[in-house]
Amino acid sequence: MSETILEVHGLTMDFGGVRALNNLDLDVRSGEIAALIGPNGAGKTTFFNCLTGLYLPTKGDIFLYRRDKDKKISLKGLKPNKVTEHGLARTFQNIRLFPMMTVLENVMIGRHCRTKAFVIGAFFRGPRTRREEEEIIEMSHRILEKVGLSRFENDFAMNLPYGAQRRLEIARALATEPVLLLLDEPAAGMNPYETIELVNLIQEIATDGQSILLIEHDMKLVMSLSDRIFVMDYGKKIAQGRPEEIRLNPAVITAYLGEEVDA
Amino acid sequence: MFTLQELKRSALISLWFVFLTFPIMVVKVNSIEKTVQWRWMNVVYVLVGSFVLSLLFRYFLYRKEQQSGEDEQQGDNTGRSLIHRLLIVPKYRNMIYGVLLGTAVVFPFLTSSYQVNIMTTALMYVVLGLGLNIVVGLAGLLDLGYVAFYAVGAYSYALLNYHFGLGFWAVLPIGGLLAAMFGILLGFPVLRLRGDYLAIVTLGFGEIIRLVLENWGGFSQGPSGISNISRPGFFGIELSLEMAIVYIYYLMVLFVIVTIFLVNRLQDSRLGRAWIALREDEIACQAMGIDKIKTKLAAFSLGALWAGIIGVVFAAKTTFINPASFTFLESAIILSIVVLGGMGSIIGVIIGALVLILLPEYLRALSEFRMLAFGAILVCMMVFRPQGIIASIRRTYTYKPRNRDEA
Amino acid sequence: MDYFIELFFSGLSRGAIYALIALGYTMVYGIIGLINFAHGEIYMIGAFTSFTVATILTILGLPLLAIIVLTGIAAVVWSASYGYTIEKIAYKPLRHAPRLSALISAIGMSMFLQNYVLLAQTSDFLPFPTLIPDFAFMEPIAHIVGSTDLVILITTTVSMIFLMVLIKYTRIGKAMRATAQDRTMAMLVGINVNRVISATFVIGSSMAAIGGLLIASHIGQINFYIGFLAGIKAFTAAVLGGIGSIPGAVLGSVVLGLTESFATGYVSSDYEDVFAFSLLVLILIFKPSGLLGKADTQKV
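None of these values were measured; they are calculated from a predicted model. (Residues numbered from 1 in each chain as written. Chains lettered and ligands numbered in written order. Predicted model: local features only at pLDDT ≥ 70, side-chain atom pairs only at ≥ 80, totals over all residues. Heavy atoms only, no water.)

Visitor: What is the right way to look at the packing of aromatic side chains in this model?
Guide: Where two aromatic rings form a pair, the distance of their centres and the angle of their planes describe that pair. Across all of its chains, the model carries 36 aromatic pairs over all chains by this definition. When the ring of Tyr197 of chain B is compared with that of Tyr29 of chain C, the centres are 6.4 Å apart and the planes differ by 35 degrees; the resulting orientation is tilted. Of the two residues, Tyr197 of chain B is situated in helix 8 (residues 195–215) and Tyr29 of chain C in helix 1 (residues 2–32); the pairing between them involves two chains. Taking relative accessible area as the criterion, Tyr29 of chain C reaches 10% and is therefore assigned buried. Centroid distance Phe8 of chain C to Phe9 of chain C: 5.6 Å. Interplanar angle 85 degrees. Geometry classified as edge-to-face. When its relative accessible area of 30% is taken as the criterion, Phe8 of chain C is described as partly exposed. Here Phe9 of chain C falls in the partly exposed class, since its relative accessible area comes to 25%. Lying over the aromatic face of Phe63 of chain A, Lys72 of chain A brings its terminal NZ or CZ to 4.3 Å of the ring centre. For Lys294 of chain B, the ring lying beneath its charged end belongs to Phe118 of chain A, and the centroid distance is 4.9 Å. (Phe/Tyr/Trp six-rings, centres within 6.5 Å; stacked < 30°, edge-to-face > 60°. Helix = DSSP H or I, 4+ residues; strand = E, 2+ residues; numbered from the N terminus. Buried < 20%, exposed > 50% of the residue type's maximum accessible area, 1.4 Å probe, protein only. Lys NZ or Arg CZ within 6 Å of the ring centre and 35° of its normal.)

Visitor: Sorry if this is basic, but what is going on with a nonpolar patch on the surface here?
Guide: Residue and element names in this part refer to chain B. Among the surface-exposed residues, Leu12, Leu15, Met41, Val44, Tyr45, Leu47, Val48, Val52, Leu53, Leu56 and Phe60 lie close enough to one another that they form a single nonpolar patch of about 1,000 Å² accessible area. The set of elements that each furnish at least two residues to the nonpolar patch consists of helix 1 (4–26) and helix 2 (41–74). Sorting elements by how many residues they give to the nonpolar patch places helix 2 first, with nine residues. With respect to the element layout, Leu12 can be found in helix 1. (Patch = residues over 30% accessible without salt bridge, like charges linked within 9 Å, V, L, I, M, F, W, Y side chains within 5 Å. Areas by Shrake-Rupley, 256 points an atom, 1.4 Å probe, with all protein chains shown as cover. Salt bridge = Lys/Arg side-chain N within 4 Å of Asp/Glu carboxyl O.)

Visitor: Would you mind going over the domain arrangement of chain A with me for this structure?
Guide: Quite often, the size of an interface is put as the accessible area lost when its parts meet. Residues and elements named next belong to chain A. Taken as a whole, chain A is organised into domain 1 (1–87 + 178–263) and domain 2 (97–177). Centre-to-centre separation of domain 1 and domain 2, based on C-alpha positions: 26 Å. Approximately 1,400 Å² of surface area, both sides summed, lies buried where domain 1 meets domain 2, with 65% of it carried by carbon and sulfur atoms. Of all residues in domain 1, the largest losses of buried area upon contact with domain 2 belong to Glu85, Pro178 and Leu201, amounting jointly to 32% of the total for that side. Viewed at the interface, domain 2 and domain 1 are joined by two salt bridges. The salt bridge partner of Arg167 is Glu197, with a shortest N-O separation of 3.9 Å. Joining domain 1 to domain 2, the criterion identifies seven residue pairs in polar contact (both at pLDDT 80 or more). Mapped onto the side of domain 1 that touches domain 2, the elements with two or more residues apiece are helix 2 (80–86), strand 7 (180–184) and helix 7 (192–207). Among the elements that line the side of domain 1 that touches domain 2, the one with the most residues is helix 7, at six residues. Residues belonging to the side of domain 1 that touches domain 2 are distributed by class as follows: ten nonpolar, four polar and seven charged. (Domains from an automatic or database assignment. Buried area = accessible area lost by both parts, 1.4 Å probe. Polar contact = N/O pair within 3.5 Å; in protein donor to acceptor, adjacent residues only side chain to side chain. Nonpolar A, V, L, I, M, F, W, Y, C, P; charged D, E, K, R; others polar.)

Visitor: Teacher, can you tell me more about the environment of Met190 of chain A here?
Guide: Residue and element names in this part refer to chain A. Here Met190 is to be found in the loop between strand 7 and helix 7. Once the C-alpha coordinates of Met190 and Thr176 are considered, the two residues, 14 residues apart in sequence, prove to be 25 Å apart. Apart from the residues lying within four places of it in its own chain, the contact partners of Met190 are Tyr162, Gly163, Arg166, Thr195 and Leu198. (Contact = heavy atoms within 4.5 Å.)

Visitor: What's the story with the environment of Gln387 of chain B in this structure? I'm lost.
Guide: Residue and element names in this part refer to chain B. Relative to the assigned elements, Gln387 resides in the loop between helix 17 (370–384) and helix 18 (394–397). According to the relative accessible area criterion, Gln387 is partly exposed, its value standing at 33%. For the pair Gln387 and Gly342, spaced 45 residues apart in sequence, the C-alpha to C-alpha distance is 5.1 Å. If we skip the residues at most four places from it in the chain, Gln387 touches Gly342 and Met343.

Encoded structure:
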């Protein structure tokens, strides 16, 4: 339960002269919900982008532990698709679905990196390809049921209500069978009702044993969901610990909560 | 329907166009004989033409805006065309296919070999369009140098035939594979470029190939081209000219059927889904574990493969090729076919090819305005109906999984 | 050495003309992010208008200076009008469409204009009247630097200075720079973005028209197809310099002009156009941001 699955050491990212991430350490343990919080512009999304290979960090190390395969994989410098293959899957803060594909197809895309058929398979559609296709459809269908979107299966992703689009992003990421699921502000822009539904969904996924790291703005949501919280400000980690510890941490109150009260 | 104000506005616009076209449409000078020709009749044509067109332009723009509002309310899936609805029902679909196939089979017996020849050309454009459709329509990569791969196929047959006497059937796969290889070679460095840069690089590449063919006389015999290329063999029997034309026609019918079958399977496959996803959002695609370069390369080289194969057929059909057949205009024509038909839509591309290639052939009076019309089609389709005359059939594809699930 | 200087100046004047066209590409790209494929056609129409007007005026027997000035004005007026109209028809309705839709529309517009001129005029090469006389004071060095080269260089320099002043100091210039940086922001602070975009097309087209007039009188013949090649080459120059950057377009054009001139002069003239296309392909592959451009990072 408490084995480390993700380990980040001294992660630093410079954009020209600006240091967006400064020597960041972080770890996520198997089966937990970890959260990364911080005021706007603290570098949270940059951190995700470094983790998932969209940005190449200037310094630092990222290791993913695959206990099942007894391997320690360095993710730094890998292409995004390789990172996903190794077991990190993410959602996006500003929803990035495939708008003109159906809901089911969106999830099927998530199965891409776990399946093989290519040109030859497509042309001849042999028994193995057909079996693979059926598995993709079945599993995608199951995931959609789990997130409660199966009735939208054949609608275009762009026609879904906002909250459902967010859930579809989670479904799509789950389809890659991630070791660790990264959620980038999953509740952003949601109404209170949708937020409650989302919290339930995340808890449900976590109960299934899925490890989750999420970025969030909404303090209340983070406090109720997370097992451990990391707080960052100006690219630096300023605190870490259990929710009740964070709530009382003076550095966090001045950097984060203080600012919110001002605003 | 039109208010007085709109009519007034159109009148002003048509006056503007008279001014605009004046030095090109009305005046025609001869700088050697120092004479000026004033074609005043053209003023009238422009005046009337632009008045009507400006009304239509604004009417369609208005209608498009109205429609996009409605689409959002109803969801896109309801607004399907008649052809789609017919093709969903298996009974009608098989009937339509049967009729089409029957017509294709008896066509040579009902018409002259001139007509058969034209139809063969049209079928070649159908396949070219379907090939480019993989690249542009499915994978969303605007390839403006598609004709280069066509040229690779045509020249590989012409040269291998000329130097080594290789026959059509031997070169057919070679030409296709060579073109696909070129696709991979070119694709490797350029496919990480952004969409519009990719378009320009492929355009540049296409022109380079043509210019090299034109100037490297020792290799390609330069602008004069290569003649006396063998027609396809028929089990070693020499065919008369008429028979050869009919033979190539049937070959093309076969190619079209095979192409439709394969492209259909491609777009229904894991790879096809990845292409469409790549077209929609590259970053999300990569984050879902799709290898961007590998997937794009597959689209690029498969498109090239078809172009190469049709290039071989082209060389065998005309028995003469030169670089003039492989200009940018050729790429633009194929692109027009895909855009008119509907990017990503197989039936659309087929109809697009038949309309654009056959119409100017049968309406001789129009053939002069062919390229003008192609240009106008590209603009108008993009402005009024970017999804093409028959929007992508992929929309019905999504229903298959459910059927299979329930079964 | 004379040969070298001759090639240098012919490359420079070639580059100057590319620069006049490249500016249109770079300005439009800077503002709406579109490769205006039809820009080469604007230049071609500028050349045709010049041809028509110059011939009529020659027949009427006007003095040479008057012919040059009036022809120039006519070319600028009509090219600018075409640029303005094209934007309204083919690009404005596509402002919010995907980038590739607008590019396809631009390609269509380019084909349309080419064939429009072909049908309304002719497919033959037309001999362009000589407008620029051989100046007497250029006589001693005429074998190295032609009078036309001199006129081209001077006209281009003047046009560039005019453009710089326009963009740096005028209201519309400031609005253009603001729109190029952030269109939404520009709109919010009350800039009429549609007008700025129109102005960009008008200015770019005017520059192209001057280029059309100069090159037509330099080469001595025109044809409906000249816009395609010149357009591609000017675009190459714009990318070479860093698309979106005005000094970049000038620098890129001069580099391209000189490269072409020396390559054809010392290597082979058969492959003149291959050099330009290869350069285009190589820059886009290896340094798509160009010499003076900024690399753009995609925001996630």
